[in-house]
Amino acid sequence: MLIYTGGTIGMQHDAFGALRPFNFAKILEHVPELKRLKCKLHHHSFGKLIDSSNITPEHWTELATIIEKFYNNFDGFVILHGTDTMAYSASALSFMMEHLNKPIIFTGSQLPMGAIRTDARRNLITSIELAAGEIVIPEVCIYFNNQLFRGNRTEKFTSSKFDAYQSLNYPALAEAGVDIQYNHRFIAKASRKKLKVHHQLERHIGLLRIFPGITHEWLNYFLCLPQLKAIVLETYGSGNAPTEKWFIEALDKAIKNGLVIINVSQCSGGRVEQGKYETSFQLKKIGVVSGIDLTTESALTKLMVLFGRKSTLKEIKRQFQAPICGELSLEE
Ligand code: ASP
């Protein structure tokens with residue numbers, strides 16, 4: 001089943017020269033090869049097609065609900081999505097769809113389907129081949145420029161090259177060359193349990209990136225936002241942050257007031273190791289939770305889903321540090 005949400009893949013220039021999503025029929029016109037694939041394709045379009053900059057948690061619930069409804073009717077699902085927030089959407093869906101035994105593959109393109117040098121056709125065709133293939137990849141993935149990644153491990157790192165995504169902390173699940181090479185060792189096992197979908201997402205989750213020169217006012221403004229449940233704190237290197245008294249005290253006070261603070265690194269690769277440096281020792285001491293090697297996209301969406309399940313704070317903190325669907329590597 002092909003689900004079209006919007007994104008560059010199906011965009012055309014409007015009267016003002018800006019790219020906007022167009023209807024699904026336009027995409028299919030450009031890929032007559034789809035008729036030759038050895039699988040039956042069914043497609044579904046979002047009522048209002050979007051540039052993925054407009055994606056919201058409600059869209060993720062819509063996607064999860066569509067897949068849940070048709071889960072038993074199809075061998076796999078391909079979601080056409082804008083590249084800008086695809087890593088967030090793939091991460092969110094990975095936490096929302098528990099006990100998967102079928103592939104859900106996100107793809108899109110850097111150039112629209114109608115462009116002469118487009119990457120859209122091959123991304124679309126190979127994603128469908130992967131989703132319908134005999135080797136079942138029971139995960140939420142991103143397929144882009146010949147590589148299939150675990151969705152919750154990816155980030156968009158370039159807006160100008162065809163290989164827009166990287167997954168520095170986890171190897172590619174498959175690579176498409178003349179043949180498709182599967183990295184079997186790294187592909188999750190299919191679940192034998194029944195699919196369970198978590199529809200509720202908590203929106204009062206924030207992201208705070210520290211920077212040299214960050215002020216007390218700036219930090220306090222975020223930490224004191226009403227209804228805020230948790231923040232992802234993007235720190236330096238292996239999870240380091242200023243040791244100044246006001247900084248640590250502000251975080252400490254927020255944690256004591258019930259805020260969950262997750263430490264993820266501003267680096268795309270490597271892991272948070274609280275206590276390795278003096279500059280992260282205090283964070284550990286006051287109860288900042290290590291995000292280990294999670295991407296920011298994964299940390300944010302994992303919090304949204306865990307808080308959406310309405311567990312206790314203690315339970316959320318525990319679940320946060322255990323992998324749900326291969327999103328983090330346990331501490332060595
Ligand atoms: N702005 C577009 C989007 O994310 C970019 C793309 O699809 O590549 O929808």
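Quick look at the structure, then. Bear in mind the structure is a predicted one, so any value in this text is a computation, not a measurement.

### What about the overall build of the protein?
Consideration 1: A count of helices and strands for the protein gives nine helices and 18 strands.
Consideration 2: On C-alpha atoms alone, the protein measures out to a radius of gyration of 20 Å, which is about the 20 Å that the 2.2 N^0.38 rule sets for 332 residues.
Consideration 3: If one aligns the C-alpha atoms of the protein with their principal axes, the spans along those axes are about 65 × 50 × 35 Å.
Consideration 4: Out of the 332 residues in the protein, the part that is buried amounts to 52%.
Consideration 5: For the protein, the share of sequence-separated contacts (at least 6 apart) that also reach a separation of at least 24 residues comes to 72%.
Consideration 6: Taking the 38 positively charged and 32 negatively charged side chains of the protein as two groups, their mean positions are separated by 5 Å.

### Quick word on the site of the ligand
Consideration 1: Taken together, Gly7, Thr8, Met11, Asp51, Ser52, Gly82, Thr83, Asp84 and Ser109 make up the full set of residues near the ligand.
Consideration 2: Measuring from an oxygen atom of the ligand, one finds a side-chain N or O atom of serine 52 at 2.5 Å.
Consideration 3: Coverage of the ligand by the protein amounts to 91% of the 270 Å² it exposes when considered alone.

### What about the environment of alanine 92?
Consideration 1: Its place among the elements puts alanine 92 in helix 3 (residues 86-96).
Consideration 2: Classification of alanine 92 by relative accessible area gives buried; the value is 0%.
Consideration 3: Sequence separation between alanine 92 and leucine 300 is 208 residues, and the spatial gap between their C-alpha atoms is 8.6 Å.
Consideration 4: Beyond its immediate sequence surroundings of up to four residues, alanine 92 is in contact with Trp60, Thr301 and Val305.

### Some details on the packing of aromatic side chains
Consideration 1: Within this structure, the stated rule accounts for nine aromatic pairs.
Consideration 2: Their ring planes at 80° and their centres at 6.1 Å tell us that phenylalanine 211 and tryptophan 218 sit as a pair that is edge-to-face.
Consideration 3: Among the aromatic residues, those joined into a ring-pair cluster are Phe70, Tyr71, Phe74 and Phe77.
Consideration 4: In this arrangement the basic side chain of lysine 102 is found over the ring face of tyrosine 71, its NZ or CZ atom lying 4.9 Å from the centre.
Consideration 5: Stacked on the ring of phenylalanine 162, the Lys or Arg arginine 122 has its end atom at 5.8 Å from the ring centre.

### What about the sheet that holds strand 4 (residues 43-50)?
Consideration 1: One open sheet accounts for eight strands, arranged 4-1-5-7-8-9-12-13; its pairing is mixed. Only two strands of the sheet have a single neighbouring strand rather than two, namely strand 4 and strand 13 (180-182). Averaged over all pairs of adjacent strands, the angle between strand axes in this sheet comes to 20°, irrespective of strand direction.
Consideration 2: Strands strand 1 (2-6), strand 4, strand 5 (77-80) and strand 7 (104-107) of the sheet are contacted by helix 2 (residues 57-70), whose axis makes an angle of about 170° with strand 4.

### Quick notes on the packing of helix 8 (residues 296-308) against helix 9 (residues 313-320)
Between two packed helices, the angle of one axis relative to the other and the distance separating the axes together describe the packing.
Consideration 1: Viewed as axis vectors pointing N to C, helix 8 and helix 9 meet at an angle of 145°, and their least axial separation amounts to 10 Å. Considering how the two elements wind past one another, helix 8 and helix 9 form a crossing that is right-handed. For the pair formed by helix 8 and helix 9, the contact residues are Ala299, Lys302, Leu303, Leu306 and Phe307 on the first element and Leu313, Ile316, Gln319 and Phe320 on the second.
Consideration 2: Residues that form the contact of helix 8 with helix 9 fall into these classes: seven nonpolar, one polar and one charged.

Conventions we followed
- Residues numbered from 1 in each chain as written.
- Predicted model: local features only at pLDDT ≥ 70, side-chain atom pairs only at ≥ 80, totals over all residues.
- Heavy atoms only, no water.
- Helix = DSSP H or I, 4+ residues; strand = E, 2+ residues; numbered from the N terminus.
- Rg over C-alpha atoms; globule rule 2.2 N^0.38 Å.
- Buried < 20%, exposed > 50% of the residue type's maximum accessible area, 1.4 Å probe, protein only.
- Contact = heavy atoms within 4.5 Å.
- Lys, Arg positive; Asp, Glu negative; His and termini not counted.
- Charge placed at Lys NZ, Arg CZ, Asp CG, Glu CD.
- Near = heavy atom within 4 Å.
- Polar contact = N/O pair within 3.5 Å; in protein donor to acceptor, adjacent residues only side chain to side chain.
- Areas by Shrake-Rupley, 256 points an atom, 1.4 Å probe, with all protein chains shown as cover.
- Phe/Tyr/Trp six-rings, centres within 6.5 Å; stacked < 30°, edge-to-face > 60°.
- Lys NZ or Arg CZ within 6 Å of the ring centre and 35° of its normal.
- Pairing = 2+ DSSP bridges.
- Axes fitted to C-alpha atoms, helices over the stretch in contact; angles between N-to-C directions.
- Left-handed = near helix turned anticlockwise from the far one by under 90°.
- Nonpolar A, V, L, I, M, F, W, Y, C, P; charged D, E, K, R; others polar.

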